[in-house]
Every structure is written in structure tokens, then in C-alpha cells.
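Structural characterization, general
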Amino acid sequence: MSVANSALRRDALASDSQDFDVRPLAGGIGAEIVGIDLGRPLADSDFARVHRAHLDHHVVVFRDQDITPRQHIDFSRRFGKLMIHVLHQFHLAGHPEVLIVSNIIEDGKPVGLGDAGKYWHSDISYKPLPSLGSLLHAQELPAEGGDTLFADMHKAYDTLPAHLRQAIEGRQAAHSYLAKYGQMQKEGNWRPNLSAEQLAQVQEVVHPVVRTHPETGRKALFVSEGFTTRIEGLPADESRQVLDELFAHSIRPEHIYRHAWRERDLVFWDNRSLIHLAAGCPAHLRRKLYRTTIEGDLPN
């Protein structure tokens, strides 16, 4: 490449760079990213800043993102392979990478998964390669409610009481998509019966109770009430007691960021660092969001 062409390329890359701010949120968990347009391809330097913010803050909020599902998918895919949710019934038409999260009923049928996030969980921890992170984009928001809570599992691990730290040392735990599935079917009409093919996609897996983040090296608890069923090698009653104590400790108020959604928010969280919960909203108020999920690494 000639010197002139090299200069033109540098100028083009510079012009693609966006002027945006990363603003840490109060409480030490999360940051909002203001002034970025994810509908435009990100320069490598901008992507690196976003990636760093995600690692540093565990959840980042992109404000005012007027983007299409394809642009949502394309941005998500820069972080890795996208996962296809087992509930194909709630895939966005033409975009199986997108799961519709919604309480809306049309023609007597749910348009999306209306009870998603009812229990604290890390997305798709029930797979051999659990999720790196998820990106949720607001489409329709209720006038009240609908918040999402995030709990920092690094903080939870760092502040573990000595007796719990000793109880889980070197232990592994079982994760199952079916852990709460039957119960949720009884509590609402959102969960379809799973086919044999779907059941084959969600076989139980075992992961370390404490995992090391593959990019930062920090340790975090990796259990949740939504998907973790037992700790391997412990009697059933002891396993239940330890898990209940871990769950309660994980969601202490000082470990939590509560996100109040705004129009066109895109929220990107790290499933290796956090668990999350949907706070719910009045059933008569419409709520719809689109979610992509990025595949991660084998926990260790």
C-alpha cells in the first residue's frame, strides 16, 4: 500500500470513530455509554473501549439505540458466536438469533417469553459452554415496573463467610434448564411443553461453583436459584442448605444494580460476572424486548 493510500485509510478510520462517554453508575456496578450509535459499524478503537467498559463494569447501558434486529445481531456477533434459544416458538421471525421477551398476547397466543427472568439466573448456564453475555433491546416498555436487577457475583464471592467458602471449595454444581420449568408452567401460560428434540438440547451439565473469569482472572460465584439444582458430592439436605445460603448472600442489597429501562435502551451484561432478575410489571401493560446471547467458554 502506498503512503498516500495509507494516509487515506487512517483518515477513513479516524472519521469512523465516535465521540462517546462511558459513565460509571452509582454503587460500583454498571456504566452507561452515551453518544454512541450502534447502527454504525464501530471502529476497532471504539469497540475496544466498549469491550473494556463491559469487563470493568459488568453491565453497560447504551442509551437511545434506534437499531434494527440485524444491527443488534451484527454488534452482538463481534463478541463471539451467538446462541439460539431452545424455545424456537419465541424466535423473532427471520432472525433466530433473537429471543422475544414479552408479556403481550396476540390472537390468544404469547408473542414472546412472558416470564423470562422470573428467578435469579445467569443466562444459559445449563449449557456446556454457558453464555459470555446477553444484549437486551427495549421495543415496548410499560408505564410502570419492568425493571431488571443485576447482582455482582464477584462481590458475592469476595464477601463470602468463611464457612461457605470452605463448604464450596473445589466443588461443582449441576445446572438444569428444567430446574424451575414445571413450576413456571403451573404458575403461568408462557412455557410450552418441550419436544423430545428440545429436551435433548438442555441436558443437565455440571460447572464449578466458583469460576474464574477468562478475561479478567477474577473469581465469581456461579450458581443461581433459576438453574442450579445441587452441589455435587454433598448429601441432598446439606447441598440444599449451602445453595440457599449462597443464593441469599448473592443478592444482598450492596451487590445489586437495579436498571430502570428507558426507551430504546440496549443493555449488555456479563453472564460470567452477574446473575439477574426481572422485577415484573402489571400484566395489562405491554412489555417487549429483543435479546441476543453470546456463547462463552468452558467455566473453570
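Check the entry above for the structure.
Small disclaimer: the values here were computed from a predicted structure and weren't measured.

Cut-offs applied
- Residues numbered from 1 in each chain as written.
- Predicted model: local features only at pLDDT ≥ 70, side-chain atom pairs only at ≥ 80, totals over all residues.
- Heavy atoms only, no water.
- Buried < 20%, exposed > 50% of the residue type's maximum accessible area, 1.4 Å probe, protein only.
- Helix = DSSP H or I, 4+ residues; strand = E, 2+ residues; numbered from the N terminus.
- Pairing = 2+ DSSP bridges.
- Axes fitted to C-alpha atoms, helices over the stretch in contact; angles between N-to-C directions.

**So, the pairing of strand β5 (residues 95-102)**
Burial analysis of β5 places seven of its eight residues in the buried class, the great majority of the element. Across two bridges, the pairing between strand β4 (residues 91-92) and β5 is antiparallel. Its bridge partner being in β5, H91 is matched across the sheet by L99. In this antiparallel pair of consecutive strands, β4 and β5, the connection spans two residues, and G94 shows a positive phi of 80°.

**Focus: the sheet that holds strand β16 (residues 266-270)**
One open sheet holds the eight strands; their spatial order is β1-β2-β3-β16-β8-β18-β5-β4, and the pairing between them is mixed. Looking along the sheet, the strands with just one partner apiece sit at the ends: β1 (21-24) and β4. Summarising the sheet, strand β3 (residues 59-62) and β16 pair through four bridges and their orientation is antiparallel. Each residue of the ladder has a partner; that of V59, found in β16, is W269.

**A short note on the sheet that holds strand β15 (residues 256-259)**
With respect to topology, three strands assemble into an open sheet ordered β15-β9-β17, the strand pairing being antiparallel. The open sheet is flanked by β15 and β17 (274-278), the only strands paired with a single partner. When the angles between neighbouring strand axes are averaged without regard to direction, this sheet yields 20°. Pairing between strand β9 (residues 148-152) and β15: four bridges, direction antiparallel. Considered in β15, the bridge of F150 is made with Y257.

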